[in-house]
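# Reading the structure
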There are 4 protein chains.
Amino acid sequence: MHITGMKLDKADMKRKVILRAALKIFGEKGYHYATLSQIAKEAGVSRGLIHFYFENKLDLIISLMLIFLEKLNSTHQQVLTREKDPVKKIHLYFKVISDIILNDDDSLCWGNILKEGLPKVQMLKSEKLREKYERIVGENKKLVTAITDIIKQAQTKGVFDNSIPPQIISFMFGGASQLLYYGLFLQRTRSNIVTSDESINESYIKKAMESLINKFIVQ
Amino acid sequence: MHITGMKLDKADMKRKVILRAALKIFGEKGYHYATLSQIAKEAGVSRGLIHFYFENKLDLIISLMLIFLEKLNSTHQQVLTREKDPVKKIHLYFKVISDIILNDDDSLCWGNILKEGLPKVQMLKSEKLREKYERIVGENKKLVTAITDIIKQAQTKGVFDNSIPPQIISFMFGGASQLLYYGLFLQRTRSNIVTSDESINESYIKKAMESLINKFIVQ
Amino acid sequence: MHITGMKLDKADMKRKVILRAALKIFGEKGYHYATLSQIAKEAGVSRGLIHFYFENKLDLIISLMLIFLEKLNSTHQQVLTREKDPVKKIHLYFKVISDIILNDDDSLCWGNILKEGLPKVQMLKSEKLREKYERIVGENKKLVTAITDIIKQAQTKGVFDNSIPPQIISFMFGGASQLLYYGLFLQRTRSNIVTSDESINESYIKKAMESLINKFIVQ
Amino acid sequence: MHITGMKLDKADMKRKVILRAALKIFGEKGYHYATLSQIAKEAGVSRGLIHFYFENKLDLIISLMLIFLEKLNSTHQQVLTREKDPVKKIHLYFKVISDIILNDDDSLCWGNILKEGLPKVQMLKSEKLREKYERIVGENKKLVTAITDIIKQAQTKGVFDNSIPPQIISFMFGGASQLLYYGLFLQRTRSNIVTSDESINESYIKKAMESLINKFIVQ
DNA sequence: CATGAATGAGAGTTCATTCAT
DNA sequence: AATGAATGAACTCTCATTCAT
């Protein structure tokens, strides 16, 4: 996934370079162990320039989250409107996420960005970042609502287990996929304490998520 | 869950007081935003005393993890050996976790401790913390292996879906429960961006996990 | 002696200002009683800037030592190659040291820097300071070897007492001059316990060192 | 040299044990890098007990200095009064020092104690240590005066070089012996940057000091 | 646009010292 | 006489952030 797919003037290019560097460093070291110096070095720019394009360190991860969430939601919107069957929609919803997250190695970082970034959203005090805050909250709500609504539809149609509230189901699906991607990330990046004999891999994850969803289908 | 259930002399009491304060502050603010000053204040002791009982800040979260993991594994061992049916064992495994995590309000912090602490385990360099490192890795492996093995048993017996590798299933179950508890935690502590109309609650979570597991049963 | 006699751009100027402040504070209070705050205040800069130019506190005294030793050795090299008579060389060797140490009031601090700094050299662990470590060891060896070699020459030529190993002689000469300069330093800076009626002064010191050396001449 | 040769009750024994531990640790690590914990451990007592017998950390090194200086002066007094020839007296003066300092391995630490301790004497503020302060200053003055006076005598008698003030000569002799003992200390304790091919040893040092003194004799 | 020197608040940590037992 | 838990002042060092150039 590209950080931006829009037309880029030179300034936007620099912004993009910094964001990609931030994605990598945040992903590798985690938000707090990542320093702006490292990001600047990775991006090949000076520390000062980061603050020209971004309010502060928080703004960097917030901006990354926003890019990811907007990309996700817009893709969802495009894809999901073309499909009418609610169960197929559920499959599509997670397939879109898979496709984006498993795209390339760096992309696995996106999961971490979200995991680390979300709890930080409420720290946004600066007036200037208020707008981004609103957008993130909105996008996140959109993402959660989307899947919850589809599940609700499927339940209403009688084709999906309706003994569990749709939001709970969406949390289960979300949690399952999150940990699978995180396991894959750890396996790829760090010699890890979670390792095991049978390693997790992409095709297993996709297949597993499909199986999981299918189990909620009611014949 | 109590931080220690052993007989306590006065020195152990203070250790416990500090650990409980650390659990709360780490849980509320996250490891990096928590300061030793805050923990000392919460515990009602001086900053220096923390370093009398603990090597450093990392030692605090590491010690908390160890307590949690050891409690979890020892309870699992007690409970699981009494049950022979593998499917019931799987249910028991997650019930034990539920019971411990949902015990009291502070207990919800445990999930966060683990989430934040595990990636830090590999940072342990100090010779003095090496031993704790080994124990954590061991306990974690034990925890993961336990559920994976039970699932494998159930699959071998032909009573559990064997189209998915047992480790992948354990990751799905683990991820699902993790996110549910985290959602509950956020709901209780912070005015949150993940909130929604239908709130998550304890009984829903337990019921949901049971349903989830049952869906993998093969008749 | 100036801390650097090279052409200075603005950045080097600040480095020099900090080093001069460090020289003064270290000299006055000793390494351990000197704080970075005091040095920063003396230099008129912030505490942080010291760490911009120097790795850490140790790097400050190490850098000072290096400047002093390099200055000493380079001056020795210039001066000593022009003189062929070994006895005159010995005189010159100590005259160079005198000239540098007695140059101005602050210069007396150099003796202290060396006295305190040398035992700290072996503490250098940081990879970044490794290079400085090598250079210091090299310069120090050069300094000691230089005088030992000249004495050896003089002994071989039969003009200098050869009943004592050259290194022992160089230690005696070195020790004698060290204590004389240290006495002068104490006299000038601190109300002292070593003071006496007859005070030490510069001309006495130079004359004394010359006499001392001459006593080892064999006619 | 024993820290005290007096009759010892049990309390004095503990004091002695602590002082000997302090001597070793101060000698090995230097005053600032030595911690009271290490000294307590070496002495086999608790940290608290050190403060029962000694005012504070400074008191420890001060007490060691006092023991050393008193021992030195009393031995000097005994030995020097028996000798009438001033030149022989000068030899005796340094022989006494040699005998005490080279006595055993730990004894080499005494030199360091003095080197580190003397600049600290003037820090003595506490009323309780005032008396020790006066005694140290007195003993130190006695030590310096003793040799200066003997040299003066020798000069007056016309048997010793009188072109240099006696105090300067005493500084030269003192400095020379100090550096020789320090070189020996470094050689024995630390892998050092001052090392050289020909190692310093005790008999060389004694012989060298004798030669040095003899060179000032006027026939 | 871009730099990097400069700032300073705040963190973790050490350790001499005190004091109840 | 002896302990060691408890304190807190003071230190070094990090690093996001600012700003003159």
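Sequence order as written defines the numbering, with residues in each chain counted from 1. Going through the entries in the order they are written, you letter the chains from A and number the ligands from 1. Owing to the predicted nature of the model, reporting of local features is limited to residues with pLDDT of at least 70; listing and counting of side-chain atom pairs is limited to 80 or more, with chain, interface and lining totals taken over all residues. To get the side-chain values, take all heavy atoms of the structure and skip hydrogens and water.

Another aspect to go through is the overall build of chain A. The numbering of helices and of strands both runs from the N terminus, where a helix is a DSSP run of H or I of at least 4 residues and a strand a run of E of at least 2. When helices and strands are tallied, chain A shows 9 helices and 0 strands. Along the chain direction, N to C, the helices and strands of chain A fall in the order α-α-α-α-α-α-α-α-α. Throughout this description, buried means an accessible area under 20% of the type-specific maximum (1.4 Å probe, protein chains only), exposed means over 50%, and partly exposed covers the range between. The buried share of chain A, reckoned over its 219 residues, is 51%. What makes two residues a contact is simply this: any of their non-hydrogen atoms within 4.5 Å. Across chain A, contacts joining residues at least 24 apart in sequence account for 68% of those joining residues at least 6 apart. Computed with a 1.4 Å probe, the accessible areas rest on the Shrake-Rupley method; for each residue, only the protein chains presented here act as cover. Here chain A has roughly 10300 Å² of accessible surface; of this, 53% comes from carbon and sulfur atoms.

Next up on the list: the interface of chain B and chain A. Taken together, the contact between chain B and chain A spans 45 residues of the former and 44 residues of the latter. A pairing counts as a salt bridge when a side-chain nitrogen of Lys or Arg comes within 4 Å of a carboxyl oxygen of Asp or Glu. Taken together, the connections running from chain B to chain A amount to 2 salt bridges. Residues Asp161 of chain B and Lys215 of chain A are paired through a salt bridge, measuring 2.6 Å at the closest nitrogen-oxygen approach. As used in this structure description, the phrase polar contact means that two N or O atoms lie within 3.5 Å; if the pair is within protein, one of them must be able to donate a hydrogen and the other to accept it, and residues adjacent in sequence are counted only when both atoms belong to side chains. Counting across the chain B and chain A interface gives 6 residue pairs in polar contact (both at pLDDT 80 or more). Elements that contribute at least two residues to the side of chain B that touches chain A include exactly α6 (108-121), α7 (127-156), α8 (166-189) and α9 (202-214) of chain B. When residues in the side of chain B that touches chain A are grouped by element, the largest group, 13 residues, is from α8 of chain B. Put simply, Ala, Val, Leu, Ile, Met, Phe, Trp, Tyr, Cys and Pro go in the nonpolar bin, Asp, Glu, Lys and Arg in the charged bin, and everything else, Gly too, in the polar bin. For the side of chain B that touches chain A, the class distribution of residues is 23 nonpolar, 15 polar and 7 charged.

A separate point is the relation of the copies chain B and chain A. In the superposition of chain B on chain A (RMSD 0.2 Å, axial shift 0.1 Å), the rotation amounts to 179°. Such a combination of turn and shift is consistent with a two-fold rotation axis. Interface overlap between copies: 96% of the residues of chain B at the interface are likewise at the interface in chain A, consistent with a symmetric, same-surface contact. In this comparison the copies share one frame, found by least squares on the C-alpha atoms of residues holding pLDDT of at least 70 in both.

Turning chain C through 179° and shifting it by 0.0 Å along the axis lays it on chain D, with an RMSD of 0.1 Å. Same-surface contact between copies: 100% of interface residues of chain C are shared with the interface of chain D.

At the junction of the two partners, chain C supplies 45 residues and chain D supplies 45 residues. In this description, buried area is defined as the sum, over both parts, of the accessible area (probe of 1.4 Å) that is lost when the two are combined. Between chain C and chain D the total buried area reaches about 4200 Å² when both faces are included, carbon and sulfur atoms providing 66% of it. Viewed at the interface, chain D and chain C are joined by 2 salt bridges. Our enumeration of links across chain C and chain D arrives at 6 residue pairs in polar contact (both at pLDDT 80 or more). Tallied by class, residues from the side of chain C that touches chain D come to 24 nonpolar, 14 polar and 7 charged.

Attention now moves to the pattern of salt bridges. Counted according to the given criterion, the structure contains 41 salt bridges over all chains. A salt bridge links Lys206 of chain A to Asp99 of chain A; its shortest N-O distance comes to 3.1 Å. Of this pair, Lys206 of chain A sits in helix α9 (residues 202-214) while Asp99 of chain A sits in helix α5 (residues 86-101), placing them 107 residues apart in sequence. On the accessibility criterion, Lys206 of chain A (32% relative accessible area) is partly exposed. In this structure, Lys95 of chain B and Asp99 of chain B form a salt bridge, with 2.8 Å as the shortest nitrogen-oxygen distance. Of this pair, Lys95 of chain B and Asp99 of chain B both sit in helix α5 (residues 86-101), 4 residues apart, which is roughly one turn of the helix. Residue Lys95 of chain B is classed as partly exposed on the basis of its relative accessible area of 42%. Relative accessible area serves as the criterion here: at 34%, Asp99 of chain B is assigned to the partly exposed category. Connected through shared salt-bridge partners, Lys24, Glu28 and Glu42 of chain A make up one network.

What follows deals with the packing of aromatic side chains. Aromatic pairing here means that ring centres of Phe, Tyr or Trp (its six-membered ring) are within 6.5 Å. Orientation follows from the plane angle: under 30 degrees is stacked, over 60 is edge-to-face, and everything else is tilted. Under the definition given, this model contains 36 aromatic pairs over all chains. When the ring of Phe160 of chain C is compared with that of Phe216 of chain C, the centres are 5.9 Å apart and the planes differ by 20°; the resulting orientation is stacked. With a gap of 56 residues between them, Phe160 of chain C in the loop between α7 (127-156) and α8 (166-189) and Phe216 of chain C in the segment after α9 (202-214) connect regions that are remote in the sequence. Of the two residues examined, Phe160 of chain C and Phe216 of chain C, each falls in the buried class. Ring geometry for Tyr182 of chain D and Phe185 of chain D: centres 6.3 Å apart, planes at 20°, overall stacked. Taken together, the residues Tyr182 of chain D and Phe185 of chain D, both in helix α8 (residues 166-189) and 3 residues apart, mark about one turn of the helix.

Turning our attention to the protein's contact with DNA strand F. For this purpose, a residue is taken to be near a molecule or strand whenever a single non-hydrogen atom of the residue falls within 4 Å of it. Neighbouring DNA strand F are 30 residues, the closest being Asn56 and Lys57 of chain A, Phe52 and Tyr53 of chain B together with Lys14 of chain D. When atoms of DNA strand F within 4 Å of the protein are split into backbone and base, the sugar-phosphate part holds 68%. Contact distances for DNA strand F include 2.6 Å between a phosphate oxygen and a side-chain N or O atom of Tyr53 of chain B. One of the backbone N or O atoms of Lys57 of chain C is found 2.9 Å from a phosphate oxygen in DNA strand F. Among the residues making up the surface near DNA strand F, the classes are represented as 12 nonpolar, 10 polar and 8 charged.

Another aspect to go through is the arrangement of the chains. Across the gap from chain A to chain C, with no contact made, the nearest C-alpha atoms are 13 Å apart. With respect to C-alpha atoms, chain B approaches chain C no nearer than 16 Å, and the pair has no contact.

Take helix α6 (residues 108-117) of chain D next. One turn of the α-helix equals 3.6 residues, which is why residues spaced by three or four share an orientation. Residue and element names in this part refer to chain D. A large share of α6 lies buried, amounting to 7 of its 10 residues. What α6 keeps buried is the set Leu108, Cys109, Trp110, Asn112, Ile113, Leu114 and Gly117. On its buried face, α6 is in contact with α1 (10-29), α4 (57-81), α5 (86-101) and α8.

Before going further, it helps to spend a moment on the environment of Gln77 of chain B. Residues and elements named next belong to chain B. With respect to the helices and strands, the residue Gln77 is situated in helix α4 (residues 57-80). Overall, Gln77 belongs to the exposed group, its relative accessible area being 53%. Once the C-alpha coordinates of Gln77 and Tyr93 are considered, the two residues, 16 residues apart in sequence, prove to be 9.6 Å apart.

Residues and elements named next belong to chain D. If you trace the backbone, Lys132 turns up in helix α7 (residues 127-156). Assessed through its relative accessible area of 14%, Lys132 is described here as buried. If we skip the residues at most four places from it in the chain, Lys132 touches Asp59, Ile62, Ser63 and Leu66.

Here the focus is the confidence of the model for chain A. Looking at any residue, its pLDDT shows the predictor's confidence there, from 0 to 100. Mean pLDDT for chain A: 89, with 90% of residues reaching 70 or above. Within chain A, the element-level pLDDT minimum falls on helix α6 (residues 108-117) of chain A, averaging 89, and the maximum on helix α2 (residues 36-43) of chain A, averaging 97.

With that settled, the discussion passes to the packing of α5 of chain B against α7 of chain B. Residue and element names in this part refer to chain B. Their axes nearest at 8 Å, the elements α5 and α7 cross at an angle of 155°. Here α5 lies roughly antiparallel to α7, going by the angle between them. As α5 runs across α7, the sense of the crossing is left-handed. Contacts from Pro86, Lys89, Ile90, Tyr93 and Phe94 in α5 reach Leu143, Ala146, Ile147, Ile150, Ile151, Gln153 and Ala154 in α7. Looking at the contact of α5 with α7 residue by residue, the class counts come to 10 nonpolar, 1 polar and 1 charged. Lines are fitted to the C-alpha atoms to define the axes, a helix being fitted only along its stretch in contact, and any angle between axes, read from their N-to-C directions, falls within 0 to 180 degrees. Relative orientations are named as follows: roughly parallel for angles under 35 degrees, roughly antiparallel for angles over 145 degrees, roughly perpendicular for angles from 65 to 115 degrees, and oblique for any other angle. For any helix crossing, the convention is left-handed if the near helix is rotated counterclockwise from the far helix by under a right angle, and right-handed if that rotation is clockwise.

This part covers the packing of helix α5 (residues 86-101) of chain C against α8 of chain C. All names here are of chain C. Between α5 and α8, the shortest axis-to-axis distance is 12 Å and the interhelical angle comes to 25°. Comparing the axis directions of α5 and α8 gives the class roughly parallel. Once α5 is placed against α8, the crossing between them reads as right-handed. Across from Ile90, Phe94, Ile97, Ser98 and Ile101 in α5, the residues of α8 making contact are Phe173, Gly174, Ser177 and Tyr181.

Residues and elements named next belong to chain C. Examined against the element boundaries, Ile213 turns out to sit in helix α9. On a C-alpha basis, the gap between Ile213 and Phe68 in space is 24 Å, while along the polypeptide they are 145 residues apart. Residues in contact with Ile213, not counting those within four places in the same chain, are Ile90, His91, Phe94, Phe160 and Phe173.

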